[in-house]
Amino acid sequence: MRCYWKRSITTLGFSLFLCLLVYICTKDDEEESALKMEERRLAKEIAVQQLYSERNVQNFRELVNFSSPINVTYQYLAGYPLLKKKYITVGLSSVKRKRGNYLLETLKSIFKQSTNEELTEMVVVVHMADFDMPWNMQVVQDISTKFAHHIISGHLIIIHAPEQHYPPLTGLKRNYNDPADRVTFRSKQNVDYAFLLNFCANLSDYYIMLEDDVQCSHSFLTAIKKVLASKEGSYWVTLEFSKLGYIGKLYHSTDLPRLAHFLLMFYQEMPCDWLLSHFRGLLTQKNVIRFKPSLFQHIGYYSSFRGTENRLKDDDFEEDFFDIPDNPPATISTSLKVFENYDPSKAYSNSDEYFWGKSPSTGDFFTIVFMKPMNITRIHIVTGSEDRHGDVLHSGIVEVGKKPTLTQKGKDCLEYVKLKEFQSGQFDQKDVGNIINFTVECVRIFVTESQSDWLIIRSISIWAKQATSL
């Protein structure tokens, strides 16, 4: 066998040289990327400091009291004013893209994924926010051709806020050292949204923001209504049904005027999704309340800014997720020692949070007392987490109860019936109504054996209907 040493060594040396070159370039790219990220982080901190500066304190105080609309004269491009207030408004703003257009696909998804009953409770409002009116009218013509029925039925309204109402969009602050055209783009987008929110303030009880390149899950409105029913009596400013950008963010319509004023007030400071988190904080909702699975997915491949590629996807999205629990309003108590701020309500919230308590002992409990008697059909409980497999309930049962009363431990039921035990840290009981013969007023997790591991209750899901009174 012949060995061509010189050639092999030369090839090996060249390969090593290439690897070294790739490593150096990659390292340089990583360092440059890290540097850019650090610069952007510092710029964001500075912008936030400016946002909360003394000069804005009075503006914030005034903001809380804002209820009057922004003075804008809108053009109706399609549809007409509503005669009756709806349950929810679905709002989206659209501008011309250099590459691709997803607006018609988004509207198709909204209407296709909604039942006729759901459509009677909603109105979709599209703000054609481009300053190119011939383009706007061409898009409106396309929409009117494909969705004439929904326009006639009052399910779809298309509006335009004229350019003359916009504040200056050039010579703006460059908080993040962004190119001037990007600053203009994001600042105009804030104003686009402000005018859209302003228009929608009195159309419905709730408002959800989408973007113009979104896919919806089946019966997303029914899922939202279940979540809202479970949040009855609790305070919230923003509920999130997607983790991406300004997609799937839900508000009380009564908050829309102040949110519109807020976006307009600070339109040149930062992108809209950053401003929204500050708005939520100003109205004293400290933490994000986000629900899984996500009900909306980003489908746009080309961004509306410069037509650049945008591959963002929400990996929590499920198009055909039907089985969202009801989790009726309830009071929750536990004998477990709660760790930090992982309080009991987080296990029952249907959001991306959980309860965490220190080592449970025999006789410890976690009790849910409903506001009203319920016909329970299913109970599903998951303990532990992906990174803490040991923090499951090793020995415990689930009971359902009736005859609630006030005790030294708080509100509790006098009588309980055992359903079954936890298996490998999980509990799932279907057809509960076939096992018991009474309406349920309490659900209790009861610890039957002490354990050294702590306990995470990741989710408590209850499917129920309110009991009808005789």
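Note that the structure is a prediction, hence the values are computed from the model and not measured.

*Asks:* Can you walk me through the overall build of the chain in this structure?
*Replies:* Looking only at helices and strands, the chain has 10 helices and 17 strands in total. A total of 470 residues make up the chain; the buried ones form 50% of that total. Put simply, 78% of the contacts in the chain that link residues at least 6 apart link residues at least 24 apart. Carbon together with sulfur atoms contributes 52% to the accessible area of the chain, which is approximately 24,100 Å² in total.

*Asks:* Sorry if this is basic, but what is going on with empty space enclosed by the protein here?
*Replies:* One way to see where empty space is left: roll a probe the size of a water molecule over the atoms. Throughout the structure, instances matching the rule amount to 1 cavity of 30 Å³ or more. In this structure, the largest cavity encloses a volume near 60 Å³. If you go around the largest cavity, the residues you meet are A223, V227, F241, F291, K292, P293, L295, I324 and N350. When the residues that make up the lining of the largest cavity are grouped by side-chain class, the tally is 7 nonpolar, 1 polar and 1 charged.

*Asks:* Is there a simple way to explain the side chain of T238 in this structure?
*Replies:* Tracing the backbone shows T238 in the loop between α8 (220-230) and β7 (239-240). Apart from residues lying up to four places away in sequence, T238 is in contact with K249, L250, Y251, R280, Q285 and I289.

*Asks:* Before we go on, may I ask you to explain the environment of T170 in this structure?
*Replies:* Considering the arrangement of structural elements, one finds T170 in the loop between β4 (156-160) and α7 (180-200). Note: C-alpha distance between T170 and S187 (17 residues apart in sequence) is 9.4 Å.

*Asks:* Looking at this structure, how should I read the nonpolar core?
*Replies:* I110 and F296 are the most contacted members of the largest nonpolar core, which totals 45 residues. Broken down by element, the residue count for this core peaks at 6 residues, all from α8. L169, Y207, L256 and A260 belong to the second-largest nonpolar core, a separate cluster that totals 44 residues.

*Asks:* Looking at this structure, I do not really get the pairing of strand β16 (residues 440-447). What am I missing?
*Replies:* Looking down a regular strand, the side chains alternate between one sheet face and the other. Counted residue by residue, β16 has 7 buried out of 8 residues, so it is predominantly covered. Where strand β12 (residues 365-383) and β16 come together, 6 bridges link them in antiparallel fashion. The residue of β16 that forms the bridge with V369 is C442. In terms of strand pairing, strand β13 (residues 396-407) meets β16 through 6 bridges, oriented antiparallel. When the sheet's bridge partners are listed, G396 is paired in β16 with V447.

*Asks:* Looking at this model, I keep getting lost on unusual backbone geometry. Mind explaining?
*Replies:* Outside of glycine, negative phi angles account for most residues, and trans bonds account for most peptide bonds. The omega torsion across K292 and P293 is -5 degrees, close enough to zero to call that bond cis. Relative to the helices and strands, P293 resides in the loop between α10 (272-282) and β9 (296-298). At K403, a position not held by glycine, the phi torsion is positive, near 60 degrees. Note on placement: K403 falls in strand β13. With a relative accessible area of 45%, K403 lands in the partly exposed category. Of note in this structure, S424 is not a glycine but carries a positive phi near 55 degrees. Secondary-structure assignment places S424 in the loop between β14 (410-421) and β15 (426-430).

*Asks:* How should the state of the cysteines be read in this particular structure?
*Replies:* Joining two cysteines, a disulfide is a covalent bond between their sulfur atoms. Per the stated rule, a full pass over the model turns up 1 disulfide. Two residues, C413 and C442, share a disulfide whose sulfurs are 2.0 Å apart. On the sign convention where negative is left-handed, the bridge of C413 and C442, at about 85 degrees about the S-S bond, is right-handed. Of this pair, C413 sits in strand β14 while C442 sits in strand β16, placing them 29 residues apart in sequence. By relative accessible area, which is 6% here, C413 ends up buried.

*Asks:* In this structure, what is going on with the packing of aromatic side chains? I would like to understand it.
*Replies:* Per the counting criterion, the structure on display carries 21 aromatic pairs. Ring-pair connections join several aromatic residues into one group, and the members of that group are F339, Y342, Y354, W356 and W454. Here K402 stacks its cationic end above the ring of F438, 4.8 Å away from the centre of that ring.

Conventions adopted
- Throughout, residues of each chain are indexed from 1 in the direction in which the sequence is written.
- Restriction of local features to residues with pLDDT of at least 70 applies here, the model being predicted, together with a cutoff of 80 or more for giving and counting side-chain atom pairs; totals for whole chains, interfaces and linings are based on all residues.
- With hydrogens and water excluded, all non-hydrogen atoms of the structure serve as input to the side-chain values.
- Going along the chain from the N terminus, every DSSP run of H or I of four or more residues is numbered as a helix, and every run of E of two or more is numbered as a strand.
- Burial classification: accessible surface area is computed with a 1.4 Å probe over protein chains only, and a residue below 20% of its type maximum counts as buried, one above 50% as exposed, and the rest as partly exposed.
- The criterion used for residue contact is that any of the two residues' heavy atoms lie within 4.5 Å.
- For the accessible areas, the method is Shrake-Rupley and the probe is 1.4 Å, while residue cover comes only from the protein chains on display.
- Grid points spaced at 1 Å and placed over the protein atoms alone form the basis of the search, with a cavity being a set where a 1.4 Å probe fits but cannot get out and a pocket an open set showing protein on both sides within 12 Å along at least five of seven lines. Lining residues have an atom within 4 Å of a point.
- Grid points are joined across faces, edges and corners, and a volume is the space filled by probe spheres set on the points.
- Charged residues are taken to be Asp, Glu, Lys and Arg, nonpolar residues to be Ala, Val, Leu, Ile, Met, Phe, Trp, Tyr, Cys and Pro, and polar residues to be all remaining types, Gly included.
- In this description, a nonpolar core means a group of buried Ala, Val, Leu, Ile, Met, Phe, Trp, Tyr and Cys residues linked to one another through side-chain atoms lying within 4.5 Å.
- At least two bridges found by DSSP between two strands are what make those strands a pair.
- When the sulfur atoms of two cysteines come within 2.5 Å, that pair is taken as a disulfide.
- Here a pair means two rings of Phe, Tyr or Trp (six-membered ring of Trp) with centres within 6.5 Å. Their orientation is stacked below 30 degrees between planes, edge-to-face above 60, and tilted elsewhere.
- When the NZ atom of lysine or the CZ atom of arginine is within 6 Å of a ring's centre and also within 35 degrees of its normal, the charge is said to sit over that ring.

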